[in-house]
Amino acid sequence: VTNVVLTGRDRRSQRRVARPVRAALALLIAIVLLLLAVGSVAIYRVYALGNHRFIAQAGPFFAVTEDLAVEMLNQETAVRGYVITGDPKTLGPYRQGTKYAKLELALIGKDASFDPRIPPDLRRMRREVSLLETYFASEIAFVKSGPAGKRQAQARILAGKGHFDHLRAASGALIADASAVIKRSHREQRSTLVRWWSLLGGAGFVALLVAAGLLLRVPRRLVRLVREEQLARQEAEQSADAARALTHVREAVVLFDENGAVRYRNPIAERWFGGAAGATSALEDVLAEFRAADQRDGAHPVMLDAGERWLTCAETEFEGGQVVVFRDVSDDQRLERLRSDFVATAAHELRTPLAAVYGAVRTLRQRELPKETREQFLELIEDESERLKTVIDQLLTSAQLDAAELHLRRQTVDAAFLCESLISSAQVRKPNEIDLLLIRPQQEVSLEADPDRLRQVIANLLDNAIKYSPAGGKVEIRVATEGRSGVIEVSDQGVGIPAHEHGRIFEKFYRLDPNMTKGVGGSGLGLYISRELTRQMGGQLTVNSLHGTGSVFTITLPLAPDDSDEPTARAQEAEQLTVPPPL
Amino acid sequence: MGIAALALVEAGRGGDDLASLGQTVSRRHLASVAGGEAQRGSSPALVVLLVDDDRAMRMVCVVNLEAEGFRVLVAETGRQALALAAAERPDLVLLDVMLPDMGGFEVAAELRHLPIVFLSARGSESDLERGRQEGALDYVTKPFDPIGLSGRLREDLDEFARTGSAEQVWAMRFGPPSGLEE
């Protein structure tokens, strides 16, 4: 995880994830606050409404009760006046009072059910009213019965006052009880209000706390989750990348755990050491070979399914396991072998003409030879020195090709003219049993090439054709135009080249007979140089050959552009070619 | 001598100037050679079959060997060498390792019944070891001094005649084989 780095885009997406959650939680808190406010107001409204209903109920109750007392007092006053005066007119307020008292009792009775203490008070009140009414009626009856009754009635006035005091007491009790009830209810209602408010407040506070907690924690946690997810994804991507890299490396990579069990092998390892099941033994065998050889840094030949390969092995221990990397160095090994072969070959190629020169010089100095023989020996020294020069030139050209230091000219070259001059110089030194022929083109073939390098290439092909025709035969050079290209073909009837070698003969240092126990000498550079030079001149060199029937090497080069400068260029070329090449 | 010259001409495919050169040189130096032979008890000249595809080297060897009284048969290829060896039964085969048709070592294997001296520009220890295994008397590495060649060949042949063993001759030149196998 340590090397996982999040990008800016990842960080932005973390913030994007947290934002809506924060907004939702803030909205939730706002809604809770609103609900709290609305709830508080609602509770208060309910309380206030209860209060009003109370006033509406209890107010008339008190008033009616008071009124009833007043009505009874009015009746009493009227009855007392009638008892004293005997004038029936004074009974008017009494009759009205009786009627109102009845109505008011009914009214009180209707509202009396709000507390269990009220009905007994009311019954007492009714009884007192009824007693007082009975008293009033008997007083009126006494007055109506005559003067004796009037006197009797007057005598009972005091008793009437007693009744009235009872009523007042009953009415007072009723009002007091009702007041107590109302006061208590009022208190209860208040405490209910307070209780609901605190309940609502408490619940709201808890809700707010929870919401605030969520607001503080959830987005942060969400961001952390997203971050972890991103890191995990990135890590997974990285290990996928690592696996992809391991899939495509050219080395075999095997991971062992601390117990030496194979935990992973990449496809190359699978290919080299087989699949999952039987593979361990093949792998173990190879590893054991390396460990036994104690050549872990060096290359070691190993038999794989695909044949013998040279492998190197690098083991890296780490905590909890080991990584083993095998690299196929067969190509390096082959190149190394070719290179060391090349040194032997180059030495041989230099020694052979040198031996002839040295031998000829020693002979000339030490022996009396006829003039004719001396001349032949001098010629031999000249020829062999030239051969030495050719070998050295090849070595230098090859080195230049390696270092990409070769700079080619581009000129118009008359192909037939060049081949003709090469053939005439080869005529002198070729064996008798070889016939050299030039098949001329119908029209002049003007190539765009470096004349010196093209000469080198054709000379090399011509030398090869002669060298590899030990039994003699025809060696032909054909010059022709094919489409937009000029073609120079060098063919022989010599030993030929087996088909499977056609690709390899152009490789550097490659020789058909690497041990050189037979065949003709050569640096193994001639065809390599020829192909490279032809390529750099924009053409190609190919071979067509059957083992035993001879070979055809074909140089294809672009034709020179058809412009007016051409004759001059060709004239220069012709001039150069007439000058004998320096030794 | 006449037959040898004919064989030489045959081997060199008639027109080879080298062959004619060899012939000429042989004739010119007949007197001195004959003198040398007389000292050796007028035994017939030793016949060397020279097998080398390199024209210049052949020329140098032929001139020098004939100057020292050898009769030289010349072959350019392995097959020519085998044919000549069968026809002429030379006293010694001077054999190049690299030949155009078959390898010098292969030719040596065919000619095991004859004393063989290799002549090669390849002079690594493994080349020498291969030569020893093929039963050669000696291995001359190019470049060499052609003036001393005939003397060396005579020494080889004398030692071979004395001991009868090619290995003994080889050991005289290069020491015991164990030293070579390192």
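Just so we're clear, the structure is a prediction, and the values are computed from it rather than from any experiment. (Residues numbered from 1 in each chain as written. Chains lettered and ligands numbered in written order. Predicted model: local features only at pLDDT ≥ 70, side-chain atom pairs only at ≥ 80, totals over all residues. Heavy atoms only, no water.)

Chemist: Looking at this structure, I do not really get the overall build of chain B. What am I missing?
Modeler: Regarding its fold elements, chain B presents ten helices and five strands. If you sum the accessible surface of chain B, you get close to 7,400 Å²; carbon and sulfur atoms cover 50% of it. (Helix = DSSP H or I, 4+ residues; strand = E, 2+ residues; numbered from the N terminus. Areas by Shrake-Rupley, 256 points an atom, 1.4 Å probe, with all protein chains shown as cover.)

Chemist: Any chance you could explain the overall build of chain A here in plain terms?
Modeler: Counting its regular elements, chain A contains 13 helices and twelve strands. In chain A, which comprises 583 residues, the proportion classed as buried is 40%. Within chain A, contacts between residues separated by at least 24 positions form 68% of all contacts whose residues are at least 6 apart in sequence. Surface summary for chain A: the accessible area is close to 32,600 Å², and the carbon and sulfur share equals 56%. (Buried < 20%, exposed > 50% of the residue type's maximum accessible area, 1.4 Å probe, protein only. Contact = heavy atoms within 4.5 Å.)

Chemist: Teacher, can you tell me more about the side chain of Glu159 of chain B here?
Modeler: Residues and elements named next belong to chain B. As for its position among the elements, Glu159 is in helix H8 (residues 149–163). When its relative accessible area of 13% is taken as the criterion, Glu159 is described as buried. Polar contacts involving the side chain of Glu159 include one to the side chain of Arg162, which spans 2.8 Å. Discounting chain neighbours no more than four positions away, the residues touching Glu159 are Gly164, Val169 and Met172. (Polar contact = N/O pair within 3.5 Å; in protein donor to acceptor, adjacent residues only side chain to side chain.)

Chemist: In this structure, what is going on with the packing of helix H8 (residues 330–366) of chain A against helix H4 (residues 55–67) of chain B? I would like to understand it.
Modeler: Relative placement of two packed helices is described by the angle separating their axes and the distance separating the axes. Running from N to C, H8 of chain A and H4 of chain B point in directions that differ by 30 degrees, and their axes come no closer than 9 Å. In terms of axis orientation, H8 of chain A runs roughly parallel to H4 of chain B. Note that H8 of chain A runs across H4 of chain B; the crossing there is left-handed. Of H4 of chain B, the residues touching H8 of chain A (which contributes Ala355, Ala356, Gly359, Ala360 and Thr363 of chain A) are Ala56, Met57, Val60, Val63 and Asn64 of chain B. Considered class by class, the residues forming the contact of H8 of chain A with H4 of chain B number seven nonpolar, three polar and no charged. (Axes fitted to C-alpha atoms, helices over the stretch in contact; angles between N-to-C directions. Parallel < 35°, antiparallel > 145°, perpendicular 65-115°, else oblique. Left-handed = near helix turned anticlockwise from the far one by under 90°. Nonpolar A, V, L, I, M, F, W, Y, C, P; charged D, E, K, R; others polar.)

Chemist: Would you explain a negative patch on the surface in this entry?
Modeler: Judged by side-chain charge, Glu375, Glu379, Glu382 and Glu386 of chain A come together as a negatively charged surface patch. Among the structural elements, Glu375 of chain A can be located in helix H9 (residues 371–402). (Patch = residues over 30% accessible without salt bridge, like charges linked within 9 Å, V, L, I, M, F, W, Y side chains within 5 Å. Salt bridge = Lys/Arg side-chain N within 4 Å of Asp/Glu carboxyl O. Lys, Arg positive; Asp, Glu negative; His and termini not counted. Charge placed at Lys NZ, Arg CZ, Asp CG, Glu CD.)

Chemist: Teacher, can you tell me more about helix H2 (residues 92–110) of chain A here?
Modeler: Residues spaced three or four apart along an α-helix face the same direction, because each turn holds 3.6 residues. All names here are of chain A. Across its 19 residues, H2 extends 28 Å between first and last C-alpha, which sits within 8% of the 27 Å expected from 1.5 Å per residue. By the burial criterion, the buried members of H2 are Tyr94, Gly97, Thr98, Ala101, Glu104, Leu105 and Ile108. Projection of H2 onto a plane perpendicular to its axis shows the buried side chains occupying an angular sector of 140 degrees, all on one side. In this structure, H2 carries Lys99, Lys102, Leu103 and Lys110 as exposed residues pointing more than 90 degrees from its buried face. (Expected span 1.5 Å × (residues − 1). Arc of directions from axis to C-beta.)

Chemist: Would you mind showing me how to read the pairing of strand E4 (residues 116–120) of chain B here?
Modeler: A regular strand carries its side chains on alternate faces of the sheet. Residues and elements named next belong to chain B. Counted residue by residue, E4 has five buried out of five residues, so it is predominantly covered. Residues of E4 alternate between two faces, with Ile116, Phe118 and Ser120 on one and Val117 and Leu119 on the opposite face, all of them buried. Direction of pairing for strand E3 (residues 92–96) relative to E4: parallel, over a ladder of four bridges. Bridging across to E4, Val93 finds its partner in Ile116. Following the chain from E3 across helix H6 (residues 104–110) to the adjacent parallel E4, one finds a crossover that is right-handed. Sheet analysis places E4 next to strand E5 (residues 138–141), joined by four bridges and oriented parallel. Note on E5: the bridge partner recorded for Ser120 is Thr141. With respect to chirality, the unit in which E4 leads through helix H7 (residues 125–133) into the neighbouring parallel E5 is right-handed. (Pairing = 2+ DSSP bridges. Right-handed = clockwise from strand over helix to strand, strands pointing away.)

Chemist: Whenever I open this one, the packing of helix H10 (residues 415–429) of chain A against helix H11 (residues 451–467) of chain A confuses me. Can you help?
Modeler: Residue and element names in this part refer to chain A. Running from amino to carboxyl end, H10 crosses H11 at an angle of 45 degrees, the nearest separation of the two axes being 10 Å. In terms of their interaxial angle, H10 and H11 are classed as oblique. Note on packing geometry: the crossing formed by H10 with H11 is right-handed. Between H10, through Leu418, Cys419, Ser421, Leu422, Ile423, Ala426 and Arg429, and H11, the contact on the second element is made entirely by Pro451, Leu454, Arg455, Ile458, Ala459, Leu462 and Asp463.

Chemist: Teacher, can you tell me more about the environment of Met59 of chain B here?
Modeler: The residue Met59 of chain B is located in helix H4 in this model. Separated by 15 residues in sequence, Met59 of chain B and Val74 of chain B have C-alpha atoms that sit 9.8 Å apart.

Chemist: Would you mind showing me how to read a nonpolar patch on the surface here?
Modeler: Residues and elements named next belong to chain A. On the surface, Leu28, Val206, Val210, Leu214 and Val218 cluster together into a nonpolar patch covering about 370 Å² of accessible area. Residue placement: Val206 occurs in helix H5 (residues 157–248). Under the relative-accessibility criterion, Val206 is labelled partly exposed at 48%.

Chemist: Would you explain the pattern of salt bridges in this entry?
Modeler: For the structure shown, the criterion picks out 34 salt bridges over all chains. When salt bridges that share partners are traced, they join Asp138, Arg152, Glu155, Asp156 and Arg173 of chain B into one network.

Chemist: Where do I start with the packing of aromatic side chains in this structure?
Modeler: Each aromatic ring pair is characterised by the separation of its centres together with the angle its planes make. Residue and element names in this part refer to chain A. According to the stated counting rule, one finds eleven aromatic pairs over all chains in the structure shown. Between Tyr94 and Phe136, the aromatic rings sit 5.8 Å apart at their centres with planes inclined by 80 degrees, giving edge-to-face as the arrangement. Remark: Phe136 occurs in helix H3 (residues 118–144) and Tyr94 occurs in helix H2; sequence separation between them is 42 residues. Overall, the relative accessible area of 0% leaves Phe136 in the buried class. By way of ring pairs, the aromatic residues Trp272, Phe273, Phe290 and Phe326 are connected into one cluster. Residue placement shows Lys99 over the ring face of Tyr100; its charged tip is 5.9 Å from the ring centre. Across from the ring centre of Phe506, 3.8 Å away, lies the NZ or CZ of Arg531, which sits over that ring. (Phe/Tyr/Trp six-rings, centres within 6.5 Å; stacked < 30°, edge-to-face > 60°. Lys NZ or Arg CZ within 6 Å of the ring centre and 35° of its normal.)

Chemist: Please clarify how the sheet that holds strand E4 (residues 307–318) of chain A should be interpreted in this entry.
Modeler: As a general point, the strands of a sheet are linked pairwise by backbone hydrogen bonds and lie either parallel or antiparallel. Residue and element names in this part refer to chain A. Strand order in the open sheet formed by five strands is E2-E1-E5-E4-E3, and the pairing between neighbours is antiparallel. The strands lining the two open edges of the sheet, one partner per strand, are strand E2 (262–265) and strand E3 (300–304). Sheet twist, expressed as the mean angle between neighbouring strand axes with direction ignored, is 35 degrees.

Chemist: Would you take a moment to explain unusual backbone geometry for this structure?
Modeler: Backbone phi values are negative for most residues with the exception of glycine, while trans is the configuration of most peptide bonds. Residue Pro143 of chain B is reached from Lys142 of chain B by a cis peptide bond, and omega for that bond is -5 degrees. When you line up the elements, Pro143 of chain B lands in the loop between E5 and H8. Residue Ala404 of chain A is not a glycine yet carries a positive backbone phi of 55 degrees. Look at Arg89 of chain B: it is not a glycine, yet its phi comes out positive at around 45 degrees. Within the fold, Arg89 of chain B resides in the loop between helix H5 (78–88) and E3.

Chemist: What am I meant to see in H8 of chain B here?
Modeler: Residues and elements named next belong to chain B. For H8, spanning 15 residues, the distance from its first C-alpha to its last is 21 Å, which sits close to the expected 21 Å at 1.5 Å a residue. Leu149, Ser150, Leu153, Arg154, Asp156, Leu157 and Glu159 are the residues of H8 that are buried. Buried positions along H8 lie against H4, E3, E4, E5 and helix H9 (166–174).

Chemist: For this particular structure, what's the right way to read the nonpolar core?
Modeler: Generally speaking, nonpolar side chains in soluble globular proteins are found buried as a group. Residue and element names in this part refer to chain A. One finds Leu454, Ile458, Leu462, Ile477, Ile488, Phe553 and Ile555 to be the most contacted residues of the largest nonpolar core, which totals 43 residues. It is H11 that provides the largest number of residues to this core, a total of seven residues. Look past the residues within four positions of Leu462 in its chain and what remains in contact with it is Leu422, Ile423, Ala426, Leu436, Val475, Ile477 and Val490. (Core = buried A, V, L, I, M, F, W, Y, C linked by side-chain atoms within 4.5 Å.)

Chemist: Whenever I open this one, the confidence of the model for chain B confuses me. Can you help?
Modeler: Any region with low pLDDT has predicted coordinates that should not be read closely. Residues and elements named next belong to chain B. In the predicted model, chain B carries a mean pLDDT of 77, and the fraction of residues at 70 or more is 73%. Looking at the elements of chain B, mean pLDDT is at its lowest for helix H1 (residues 2–11), recorded as 38, and at its highest for strand E1 (residues 47–51), recorded as 95. Confidence drops under pLDDT 50 across residues 1–42; counting only partners more than four residues distant or on other chains, this segment forms 59 contacts. ipTM for the predicted complex: 0.78, alongside a pTM of 0.53. (pLDDT = per-residue confidence, 0-100.)

Chemist: How should I be thinking about a positive patch on the surface in this particular structure?
Modeler: Residue and element names in this part refer to chain A. Residues Arg9, Arg11, Arg12, Arg15, Arg16, Arg19 and Arg227 make up a contiguous surface patch of positive charge. Along the polypeptide, Arg11 turns up in helix H1 (residues 8–85). What makes Arg11 partly exposed here is its relative accessible area of 41%.

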